[in-house]
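What follows is the residue order along each chain.
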Amino acid sequence: MKSKREIIKIGVGALIVAAACGIMLPGIINLLAGIGRLVALIAMALAVAYVLNLVLAKNAINKRRKEDEGKDEGEGNLDKESGGI
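Scope of this entry: the structure provided in the associated data block. (Residues numbered from 1 in each chain as written. Predicted model: local features only at pLDDT ≥ 70, side-chain atom pairs only at ≥ 80, totals over all residues. Heavy atoms only, no water.)

### Focus on the overall build of the protein chain
The condition is simple: Note on conventions: DSSP H or I runs of at least 4 residues are helices, E runs of at least 2 residues are strands, and numbering of each starts at the N terminus. Relative accessible area decides the class of each residue, using a 1.4 Å probe on protein chains only: under 20% of the type maximum gives buried, over 50% gives exposed, and in between gives partly exposed. Note on areas: Shrake-Rupley with a 1.4 Å probe; residue coverage comes only from the protein chains shown.
A count of helices and strands for the protein chain gives one helix and zero strands. Residue burial in the protein chain is summarised as follows: out of 85 residues, 1% are buried. Split by element, the accessible area of the protein chain, about 7,900 Å² in all, is 70% carbon and sulfur.

### With respect to the pattern of salt bridges
The following threshold applies: By definition, a salt bridge exists where a carboxyl oxygen of Asp or Glu is found within 4 Å of a side-chain nitrogen of Lys or Arg.
One pass over the structure, following the stated rule, counts one salt bridge. Of the charged contacts in the structure, one is a salt bridge between Asp68 and Arg64, with a shortest N-O distance of 3.5 Å. Of this pair, Asp68 and Arg64 both sit in helix 1 (residues 4–81), separated by four residues, roughly a single helical turn.

### Overview of a nonpolar patch on the surface
Defined as follows: Within the patch definition used here, like charges are joined within 9 Å and nonpolar side chains (Val, Leu, Ile, Met, Phe, Trp, Tyr) within 5 Å, considering only residues with over 30% relative accessible area and no salt bridge.
Taken together, Ile23, Met24, Ile28, Leu31, Leu32, Ile35 and Val39 make up a surface patch of nonpolar side chains, about 710 Å² in accessible area. Mapped onto the elements, Ile35 comes out in helix 1. By relative accessible area, which is 43% here, Ile35 ends up partly exposed.

Purely geometric numbers; function is a separate question.
Here it is, written out as structure tokens:
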């Protein structure tokens, strides 16, 4: 069995560790919250870039299709006016 002195020493050590954790806990929570905000900001930036890429690519494809349709129709009109080949 342990002596009273060792039990008191362990108890005081546990109190010191508990007090240190109590003092550091708000700082650790703030640190984790800051890291979480950074991760959320990066994820939001990536999501916005992805959505912009999709929208701009879709617009570019539609614009290209309209240009191609206009060229096809224009060539067809020229053939009809010239009597066709």
